[in-house]
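Now for the letters of each chain:
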Amino acid sequence: GLETVQAVVRNCSDEESILLALVENLQREDLNPMEMARAYHRMMNEFGLTQDIIAQRVGCERSSIANIVRLLNLPSDVQELIETNQLSTGHAKVILGISNSSEQQRVAHLVISRNLSVRETEKVLESTIITRKRSTKELRRSPLSDVEERLQKRLGTKVTILNGRRGGKVIIHYFSPAELDGILESILQ
């Protein structure tokens, strides 16, 4: 019903007008994180803008741009969960700490099914990582592990024993010339 509206008319190239439209759209409040990530990514790829320049134009921190763009590294179904607000950006950042995409998907669905908070998700991942490290160490434990430990205590440095087809190697690590002298003294006494 308005007869007049305020407007700014600018003469600019097609590229500049697309860029202006992207910046304007990014400043709207109703964009979801995935839409923002795609827009930032487009600005970087199509227009060669750095995260710093985008941050200045949009009015936010460079780290915010970097964190949002990282969401594009998630599997498409996890991205969809973010887009539909089933998964928060906070959850997504935690899930990005997982390198395996199938594991990322599993954790995303676990978060939704158990209605986990971001902190609870972090705790689940921490306990999973600790459990995996323990089981990996236990799997690697061999009869020679005890010998390695005894040598490490005796020499005061890291010792690795490697089995080969016809024997093996004992590797004594040292981290300074003085430490090497101490090891040699212990061995040659």
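See the structure shown above.
Residues numbered from 1 in each chain as written. Predicted model: local features only at pLDDT ≥ 70, side-chain atom pairs only at ≥ 80, totals over all residues. Heavy atoms only, no water.

Student: What should I look at first to understand the overall build of the protein in this one?
Tutor: Counting its secondary structure elements, the protein contains 10 helices and 2 strands. Against the 2.2 N^0.38 benchmark of 16 Å for 189 residues, the protein shows a C-alpha radius of gyration of 28 Å, more extended than a compact globule. Projected onto its principal axes, the C-alpha coordinates of the protein cover approximately 100 × 45 × 30 Å. When each of the 189 residues of the protein is scored for burial, the buried share is 28%. The contacts of the protein with a sequence gap of at least 6 include a subset with a gap of at least 24, amounting to 43%. Positive and negative side-chain charges of the protein, numbering 25 and 25 respectively, have mean locations separated by a distance of 13 Å. (Helix = DSSP H or I, 4+ residues; strand = E, 2+ residues; numbered from the N terminus. Rg over C-alpha atoms; globule rule 2.2 N^0.38 Å. Buried < 20%, exposed > 50% of the residue type's maximum accessible area, 1.4 Å probe, protein only. Contact = heavy atoms within 4.5 Å. Lys, Arg positive; Asp, Glu negative; His and termini not counted. Charge placed at Lys NZ, Arg CZ, Asp CG, Glu CD.)

Student: When you look at the nonpolar core in this model, what are you seeing that I'm missing?
Tutor: Across soluble globular proteins, nonpolar side chains show a tendency to be buried alongside one another. Y40, M43, I54, L71, L74 and L87 are the most contacted members of the largest nonpolar core, which has 36 residues in total. Listed by contribution, the elements that provide at least two residues to this core are α1 (14-26), α2 (33-47), α3 (51-58), α4 (62-70), α5 (76-83), α6 (89-95) and α7 (101-114). Considering every element that reaches this core, the biggest residue donor is α2, with 7 residues. Dropping the residues within four chain positions of it, M43 is found in contact with L19, L22, V23, L26, G48, L49 and I54. (Core = buried A, V, L, I, M, F, W, Y, C linked by side-chain atoms within 4.5 Å.)

Student: What is the right way to read the pairing of strand β1 (residues 159-164) from this model?
Tutor: Note on strand geometry: in a regular strand, side chains alternate between the two faces of the sheet. In the sheet, β1 pairs with strand β2 (residues 167-172) via 6 bridges, with the strands oriented antiparallel. Residue pairing in the sheet places T160 in a bridge with I171 of β2. Joining the antiparallel neighbours β1 and β2 is a turn of 2 residues. (Pairing = 2+ DSSP bridges.)

Student: Quick question: what am I supposed to make of the pattern of salt bridges here?
Tutor: Pairing between side chains of opposite charge can happen when their charged atoms approach one another. Counted under the stated rule, the structure contains 5 salt bridges. A salt bridge links D52 to R62, with the shortest nitrogen-to-oxygen separation between them at 4.0 Å. A residue pair is termed long-range when its members are at least 10 positions apart, and D52 in helix α3 and R62 in helix α4 qualify at 10 residues. Note on D52: relative accessible area 43%, which makes it partly exposed. For R62, a relative accessible area of 37% puts it in the partly exposed group. For the salt bridge of R119 with E122, the shortest nitrogen-to-oxygen distance reads 3.0 Å. (Salt bridge = Lys/Arg side-chain N within 4 Å of Asp/Glu carboxyl O.)

Student: Got a minute to help me understand the packing of α2 against α3 in this structure?
Tutor: Angle between the axes and distance between the axes are the two parameters that describe a pair of packed helices. At a closest axis distance of 10 Å, the pairing of α2 and α3 adopts a crossing angle of 125 degrees. By the angle between their axes, α2 is oblique relative to α3. Considering how the two elements wind past one another, α2 and α3 form a crossing that is right-handed. Of the residues in α3, those touching α2 at Y40, M43 and M44 are Q51, I54 and V58. Classifying every residue of the contact of α2 with α3 gives 5 nonpolar, 1 polar and no charged. (Axes fitted to C-alpha atoms, helices over the stretch in contact; angles between N-to-C directions. Parallel < 35°, antiparallel > 145°, perpendicular 65-115°, else oblique. Left-handed = near helix turned anticlockwise from the far one by under 90°. Nonpolar A, V, L, I, M, F, W, Y, C, P; charged D, E, K, R; others polar.)

Student: Just to check I follow, could you spell out unusual backbone geometry for this structure?
Tutor: Glycine aside, negative phi is the norm for most residues, and most peptide bonds take the trans geometry. If you check the backbone angles, N85 has positive phi at about 60 degrees while not being a glycine. Tracing the backbone shows N85 in the loop between α5 and α6. Phi is positive for N115, which is not a glycine, with a value near 55 degrees. Mapped onto the fold, N115 is located in the loop between α7 and α8 (118-140).

Student: When you look at α5 in this model, what are you seeing that I'm missing?
Tutor: Residue pairs spaced three or four apart in an α-helix point in one direction, given the helix's 3.6 residues per turn. Every buried residue belonging to α5 is among V78, Q79, L81 and I82, and all of these are buried. Across the axial projection of α5, the buried residues extend over an arc of 155 degrees, all falling on one side. Those residues of α5 that are exposed and aimed more than 90 degrees away from the buried face are S76 and E80. Directly beyond the C-terminal end of α5, a positive phi value near 60 degrees is found at N85. (Arc of directions from axis to C-beta.)

Any functional reading would require information beyond the geometric quantities listed.
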